[in-house]
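Next come the chains, spelled out residue by residue.
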Amino acid sequence: MKSVWVFVVLVLIWWVLDGLQSPAWGVVAAALGAALYHLLAHGPRYRVRLLNLPQFAAYFVLESFRGGWDVARRALDPGLPIHPHLFDYAVRLPAGQPRGLFMGVIGLLPGTLSADLSANGQVIRVHAIHEDPASAVQELERRVARLYGLEGGA
């Protein structure tokens, strides 16, 4: 049933972006997207707490802007100090949507990028160019946990 909702949302997105210029392509693309969702979405489902979504969205936009600004500054001023290194971060978020979102958003934090996930999925290797990015990664994990209502588990 969830795949049907994914299909409907994708058709609506296509309609908003493309109008009625090529509805057949929109239906085909939405059907492929819904089929991929059905094939790839497995494991336990976690619900986003809608009341927590605006706060997370604001954090996401702010950190995305800060990350982009950091990259632009470093591109324009190569004299800025960088301390490239890898560090391992033990993830407390459950596997699936929360951990996937966490790993994806790490790359938007200033100077960080998720580089690898351990075989058991419990440790993320993070590439960083700042001296101590662990606190920012930990804050991100806390905010993702709050978004999914998992504050006690992360």
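Residues numbered from 1 in each chain as written. Predicted model: local features only at pLDDT ≥ 70, side-chain atom pairs only at ≥ 80, totals over all residues. Heavy atoms only, no water.

### A word on helix α4 (residues 97-106)
Taken residue by residue, α4 has P98, R99, F102, M103, V105 and I106 as its buried positions. Its buried side turned inward, α4 meets α3 (53-76), β1 (85-90), β2 (112-117), β3 (123-128) and α5 (134-147). (Buried < 20%, exposed > 50% of the residue type's maximum accessible area, 1.4 Å probe, protein only. Helix = DSSP H or I, 4+ residues; strand = E, 2+ residues; numbered from the N terminus. Contact = heavy atoms within 4.5 Å.)

### Some details on the sheet that holds β3
Taken in spatial order, the 3 strands make up an open sheet running β1-β3-β2, and their pairing is antiparallel. Every other strand in the sheet has two partners, leaving β1 and β2 as the edge strands with one partner each. Across the sheet, the mean angle from the axis of one strand to that of its neighbour is 35°, orientation sign disregarded. Sheet analysis places β1 next to β3, joined by 6 bridges and oriented antiparallel. Of the residues in β3, the one forming a bridge with H85 is A128. Across the face of the sheet, α4 comes into contact with β1, β2 and β3 while running at roughly 135° to β2. (Pairing = 2+ DSSP bridges. Axes fitted to C-alpha atoms, helices over the stretch in contact; angles between N-to-C directions.)

### Side note on the environment of S114
Along the polypeptide, S114 turns up in strand β2. Dropping the residues within four chain positions of it, S114 is found in contact with M103, I106, I124 and R125.

### Looking at the pairing of β3
Of the two faces of β3, only one is covered, namely that formed by I124, V126 and A128; the face formed by V123, R125 and H127 stays uncovered. Bridging between β2 and β3 involves 5 bridges; their strand directions are antiparallel. When the bridges of β3 are listed, L117 appears paired with I124. Following β2, the chain reverses through 5 residues before pairing antiparallel with β3; G121 in that reversal takes a positive phi of roughly 75°.

### Observations regarding the nonpolar core
In terms of nonpolar packing, the biggest core is built from 21 residues, with Y89, F102, I106, I124, V137, L140 and V144 touching the most fellow members. Those elements that place two or more of their residues in this core are α3, β1, α4, β3 and α5. Here this core gets 5 residues from one element, more than from any other, and that element is α5. Look past the residues within four positions of Y89 in its chain and what remains in contact with it is F102, Q122, V123, I124, V126, A134, V137, Q138 and E141. (Core = buried A, V, L, I, M, F, W, Y, C linked by side-chain atoms within 4.5 Å.)

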